[in-house]
Amino acid sequence: MKITLVGNGRMGRQIADVVAASGTHVIDRVLDVNDTISAGSFEGTDVIIDFTVRSAFLANYPALVASGVPVVVGTTGWDDVMPQVREAVAVEGSSLFYSANYSLGVNIFFRTLREAARLIAPFEQFDIALSEQHHTGKADFPSGTAIKAAEEILKSNPRKRKVVRELEDGRKLQSDELQVASIRLGSVFGVHSALIDSESDTIELTHTAKNRTSFASGAVRAAEWLVQRHAAAPGFYTMDDFLNDLFSA
Ligand SMILES: NC(=O)C1=CN([C@@H]2O[C@H](COP(=O)(O)OP(=O)(O)OC[C@H]3O[C@@H](n4cnc5c(N)ncnc54)[C@H](OP(=O)(O)O)[C@@H]3O)[C@@H](O)[C@H]2O)C=CC1
Ligand SMILES: O=C(O)C1=N[C@H](C(=O)O)C[C@H](O)C1
């Protein structure tokens, strides 16, 4: 595949390393903050991989989608405009793959957490909360991974109905509120923990990213899958679609 990278930061450079090692894909071009992006920016490329920042994605996604080139989005922090992005993909008949985390390990963490949240649901003695830790270069919080983990809990456990991102001094957390706590620390690649607690025991589920390799290799694998899928069925896809395909193969 000929790949156009949008964003040349930590992840853009990691993707370039994975592509260079692949022997089968090439980086066709790299577009960064100094480039004006339009639908025409992507002519001749097979797939776009976007790892930028929220503000850039909000500005760029109409062109990404209008280009008709399948796009893999890694950029996080834009969940609030997800409906508009899905609508643009449907109207344009294009293909967009989004995951807040392309690591296979994190997606196994998500499915494990989904089951744990379901199992504790009938037992009021078990409470649950989330925490995430990332490097101090991270602009958004909570992480997209933590937001997705919170969604898994809300879907599986009716005792939790609302996500609380920041505590308010003088107001106690309500039992139906799911706290998501963020720490920005040094060069941490990404640590996500689900903390389950009762009077008798504590259960901790934690995923620790040891590098960015799995994020990048997962994004390239998603790009390979999306290019194939786009030909037959353009649309908006997630890691659940990809993994369900993989697990059913
Ligand atoms: N889905 C996943 O698996 C993962 C997702 N992420 C997410 O990916 C995103 C990027 O992370 P990371 O690479 O660490 O961040 P960086 O800040 O290292 O890189 C972001 C890059 O985007 C560039 N940029 C900013 N504005 C624009 C623009 N308008 N057009 C093109 N490029 C632009 C920045 O340029 P400049 O520095 O010059 O401003 C920078 O090179 C974040 O949202 C992060 O949460 C990260 C890891 C894994
Ligand atoms: O900014 C990062 O570094 C990461 N961001 C993603 C997120 O917001 O979940 C994924 C990963 O945790 C690394």
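Preceding this section is the structure that the text describes.
Please read all numbers here as calculations on a predicted model, not as lab measurements.

Here's the deal with the layout of surface pockets
So, point 1. For the largest pocket, the calculated volume is near 950 Å³.
So, point 2. For the largest pocket, the lining is made up of 46 residues, of which Thr52, Thr75, Thr76, Lys138 and Asp140 are closest to its centre.
So, point 3. Secondary-structure elements contributing two or more residues to the lining of the largest pocket are helix H1 (10-22), helix H2 (54-66) and helix H5 (144-156).
So, point 4. Residue assignment places the lining of the largest pocket across two domains, with domain 1 (2-102 + 212-248) and domain 2 (104-208) each supplying three or more.
So, point 5. A volume near 310 Å³ is recorded for the second largest pocket.
So, point 6. Met82, Tyr98, Lys148, Glu151 and Thr238 are the residues nearest the centre of the second largest pocket, which is lined by 20 residues in total.
So, point 7. If you list the elements that add at least two residues to the lining of the second largest pocket, you get helix H3 (82-92), helix H4 (104-120), H5 and helix H7 (239-248).
So, point 8. Considering each element in turn, the lining of the second largest pocket owes the most residues, five residues, to H5.
So, point 9. Of the residues in the lining of the second largest pocket, the class split is seven nonpolar, five polar and eight charged.

Here's the deal with the packing of aromatic side chains
In this description, an aromatic ring pair is defined by two values, namely the gap between the centres and the angle between the planes.
So, point 1. Under the defined criterion, the tally for this structure stands at ten aromatic pairs.
So, point 2. With a centroid separation of 5.2 Å and 90° between ring planes, the pair formed by Trp225 and Tyr237 is classed as edge-to-face. Of the two residues, Trp225 is situated in helix H6 (residues 213-232) and Tyr237 in strand S11 (residues 236-237); the sequence distance between them amounts to twelve residues.
So, point 3. In this structure Trp225 comes out as buried when scored by relative accessible area, which is 11%.
So, point 4. Judged by its relative accessible area of 9%, Tyr237 is buried.
So, point 5. Between Trp225 and Phe242, the aromatic rings sit 5.9 Å apart at their centres with planes inclined by 85°, giving edge-to-face as the arrangement. One end of the pair, Trp225, is in helix H6; the other, Phe242, is in helix H7, with 17 residues separating them in the sequence.
So, point 6. Counting every residue linked through ring pairs, the aromatic cluster contains Phe51, Phe97, Tyr102, Trp225, Tyr237 and Phe242.

What counts, and at which threshold
- Residues numbered from 1 in each chain as written.
- Chains lettered and ligands numbered in written order.
- Predicted model: local features only at pLDDT ≥ 70, side-chain atom pairs only at ≥ 80, totals over all residues.
- Heavy atoms only, no water.
- 1 Å grid on protein atoms, 1.4 Å probe; cavity = no way out; pocket = protein on both sides within 12 Å on 5 of 7 lines; lining within 4 Å.
- Points joined across faces, edges and corners; volume = space filled by probe spheres on them.
- Helix = DSSP H or I, 4+ residues; strand = E, 2+ residues; numbered from the N terminus.
- Domains from an automatic or database assignment.
- Nonpolar A, V, L, I, M, F, W, Y, C, P; charged D, E, K, R; others polar.
- Phe/Tyr/Trp six-rings, centres within 6.5 Å; stacked < 30°, edge-to-face > 60°.
- Buried < 20%, exposed > 50% of the residue type's maximum accessible area, 1.4 Å probe, protein only.

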